[in-house]
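# Breakdown of the fold
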Amino acid sequence: MALIVATYDFSPNSLSLWKYWDELKEKHPKLQVTVGVVPVFKGHYNYTVNLNPEFKEWYKNHNDWVHVVQQGCYHFPNECLKFYKTQKKLIKSGYRKLRRIMPKDVYLFKAPFDRMNNNTIQVLKELGYSAIIYHNQILYLKPILIETPPFDIIETYTNIEEHKPNNIHLIFEELDTQLENYDSIGEYTNFNDFVRGILK
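Right, let's walk through the structure included here. These figures come from a predicted structure and were not determined experimentally. (Residues numbered from 1 in each chain as written. Predicted model: local features only at pLDDT ≥ 70, side-chain atom pairs only at ≥ 80, totals over all residues. Heavy atoms only, no water.)

### Some details on the nonpolar core
Of all hydrophobic cores here, the largest spans 41 residues; its most connected members are Trp18, Trp21, Leu31, Phe55, Trp58 and Leu179. Of all the elements in the fold, those that place two or more residues in this core are strand 1 (2-10), helix 1 (18-27), strand 2 (33-37), helix 2 (53-62), strand 3 (66-71), helix 3 (84-98), helix 4 (118-127) and helix 5 (165-180). Other than its neighbours up to four places away in sequence, Phe55 contacts Phe10, Ser11, Pro12, Leu15, Val37, Val49 and Ile101. (Core = buried A, V, L, I, M, F, W, Y, C linked by side-chain atoms within 4.5 Å. Buried < 20%, exposed > 50% of the residue type's maximum accessible area, 1.4 Å probe, protein only. Helix = DSSP H or I, 4+ residues; strand = E, 2+ residues; numbered from the N terminus. Contact = heavy atoms within 4.5 Å.)

And the structure:
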């Protein structure tokens, strides 16, 4: 069975935590990681993805095993519960900041805190997004060629505001243990490739 490893809430302010992922990659060379990237974390200019040189360097050094999906725009709890026009403006703004690091044929979206409404779905369909990642499920916005095959998922968050130095290592120790079971029997994939294989 395919395994998708996904981490969310990532932005330039959490780059210092990525060393733990690098250590996992050394132990598990086949590891692929889907990363939900927040284009402008909480509206802070310094955390704007496409303007941050450290983030650009991080992506350049990791894009062979890191796969980006858009996680809202600012990561405010209610930004995907707003009216249609406001959401369209926010989602388009977020995409413009991520377009150089997202795949050209598959566009995936995750709403901040998994909170969204029908306006979110309408906007994403109109803008040509492929699917939404929602509570460990895939909501397709385009016709599919085959039914979704079974997959396992391991989710976590790479957010420096939530994971302090005194507990972050425990999270990655648990991840390491979980991944050991897949190194010999499982197949690593990512949300982008998984969805790509299902869409018509």
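Still more to cover.
### Topic: the packing of aromatic side chains
Across all of its chains, the model carries 17 aromatic pairs by this definition. When the ring of Trp18 is compared with that of Trp58, the centres are 5.1 Å apart and the planes differ by 80 degrees; the resulting orientation is edge-to-face. Here the residue Trp18 occupies a position in helix 1, and Trp58 occupies one in helix 2, the gap between them amounting to 40 residues. Trp58 shares its class with Trp18; the two are buried. Between Tyr74 and Phe76, the ring centres sit 5.8 Å apart and the planes meet at 35 degrees, which makes this aromatic pair tilted. Residue Tyr74 is classed as partly exposed on the basis of its relative accessible area, which comes to 25%. Between the NZ or CZ atom of Lys110 and the centre of the ring of Tyr8, over which it lies, the distance is 4.4 Å. (Phe/Tyr/Trp six-rings, centres within 6.5 Å; stacked < 30°, edge-to-face > 60°. Lys NZ or Arg CZ within 6 Å of the ring centre and 35° of its normal.)

### Here's the deal with the pattern of salt bridges
The final tally for this structure, using the stated rule, is 5 salt bridges. In this structure, Asp176 and Lys27 form a salt bridge, with 3.3 Å as the shortest nitrogen-oxygen distance. With Asp176 in helix 5 and Lys27 in helix 1, the pair connects residues that are 149 residues apart, well separated along the chain. For Lys27, a relative accessible area of 54% corresponds to the exposed category. Notably, a salt bridge pairs Arg196 with Asp105, separated by 2.7 Å at the nearest N-O pair. One end of the pair, Arg196, is in helix 7 (residues 191-196); the other, Asp105, is in the loop between helix 3 and strand 4 (108-110), and 91 residues separate them in sequence. By relative accessible area, Arg196 is classed as partly exposed at 30%. Residue Asp105 is classed as partly exposed on the basis of its relative accessible area of 44%. When salt bridges that share partners are traced, they join Asp105, Asp193 and Arg196 into one network. (Salt bridge = Lys/Arg side-chain N within 4 Å of Asp/Glu carboxyl O.)

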